[in-house]
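Descriptive analysis of the structure
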Amino acid sequence: MELSWNGLLKQHPPPVIEFWGTLLIQLVFFWLPSLFYLALDHVVPNLSQRHKLQPRTKQPTPAELKDCLKVVFRNQLFSALIHISLLSLGGLADGKPTYRFDASLPPLDQVILDAFACVFLREVLFYYAHRILHLPSVYPKIHKVHHRFTAPVALAAQYAHPIEHFFANSLPVSIPPMILHCHVVSFWVFLAVELLETTTAHSGYDFLSGIAKMHDEHHEKFLIKFGTIGLLDWIHGTDGRARQEKVA
């Protein structure tokens, strides 16, 4: 594998590898899981209904899914253009690559350590960005777009206003590996994990120990469960415990 990696480095400059590698990760770990979850309704309808978190009456209509597809395409195109622009500007300024492109691939333990550190940093960035999006002065103009789906589907993970997509979806994933100066392969592994997590969290199914249940509750109740791993929700009391205690 290292020979193939070295061959790739000899044939293409780091910005080209970074752009196309990142695009491939998006294709494999966002689009394929999204389409898989959407297909369950048609391929195995009985299994799908048994594992749906919310009733059929709340599920998005075909027209809403079509609109979702258009918005997600727009957001990904927007992200790709920004990515190309930043890589081009870096090249013109003779800047160093955003991530490391060492000739040797990082060992597995380093990749795992990098991924865990990035997940933690991403949680911090995303949680506070998400809280800002719920401010009364911001929510109606920007974040309300994403909350159109009270019963979300995997594709809706990137259904958002362009400003939200940039500041709450893209930056919290891009910044942690930059801060840690990770190898680009570590970045790709982290990106793949995050894309699988967000598509599953928005899938509306109770698979994988109910990952989607927490985010479904956020879409349903709005003011709880802003994070992804639950740590900052626990620290700030936004994990729903206060509401449960009040009801009890």
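Quick summary incoming for the structure in this document. Predicted model, so just to flag it, every value in this text is computed and none were measured.

1. As for the pattern of salt bridges
Summed over all chains, the structure comprises 4 salt bridges. Lys-52 is the salt-bridge partner of Asp-41, the closest N and O atoms lying 3.5 Å from each other. Taken together, the positions of Asp-41 in helix H2 (residues 14-43) and Lys-52 in the loop between helix H3 (45-51) and helix H4 (62-92) put the pair 11 residues apart, joining distant regions of the chain. Overall, the relative accessible area of 29% leaves Asp-41 in the partly exposed class. Judged by relative accessible area, which is 14%, Lys-52 ranks as buried. Between Asp-67 and Arg-148 there is a salt bridge, with its nearest N and O atoms 2.5 Å apart. With Asp-67 in helix H4 and Arg-148 in the loop between helix H5 (108-133) and helix H6 (162-179), this residue pair connects regions lying 81 residues apart in the sequence. Given a relative accessible area of 23%, Asp-67 falls into the partly exposed group.

2. Observations concerning the environment of Val-124
As for its placement among the helices and strands, Val-124 is situated in helix H5. Considering only alpha carbons, one finds Val-124 and Leu-191, 67 residues apart in sequence, at a separation of 16 Å.

3. Examining the layout of surface pockets
Volume-wise, the second largest pocket comes out at about 340 Å³. Taken together, 17 residues line the second largest pocket, and the ones lying closest to its centre are Asp-41, His-42, Lys-52, Pro-60 and Leu-65. Elements with a minimum of two residues in the lining of the second largest pocket: H2, H3 and H4. With 4 residues, H2 is the single largest residue contributor to the lining of the second largest pocket. Taken together, the residues of the lining of the second largest pocket break down into 9 nonpolar, 5 polar and 3 charged.

Conventions we followed
- Residues numbered from 1 in each chain as written.
- Predicted model: local features only at pLDDT ≥ 70, side-chain atom pairs only at ≥ 80, totals over all residues.
- Heavy atoms only, no water.
- Salt bridge = Lys/Arg side-chain N within 4 Å of Asp/Glu carboxyl O.
- Helix = DSSP H or I, 4+ residues; strand = E, 2+ residues; numbered from the N terminus.
- Buried < 20%, exposed > 50% of the residue type's maximum accessible area, 1.4 Å probe, protein only.
- 1 Å grid on protein atoms, 1.4 Å probe; cavity = no way out; pocket = protein on both sides within 12 Å on 5 of 7 lines; lining within 4 Å.
- Points joined across faces, edges and corners; volume = space filled by probe spheres on them.
- Nonpolar A, V, L, I, M, F, W, Y, C, P; charged D, E, K, R; others polar.

Geometric values such as these leave the question of function open.
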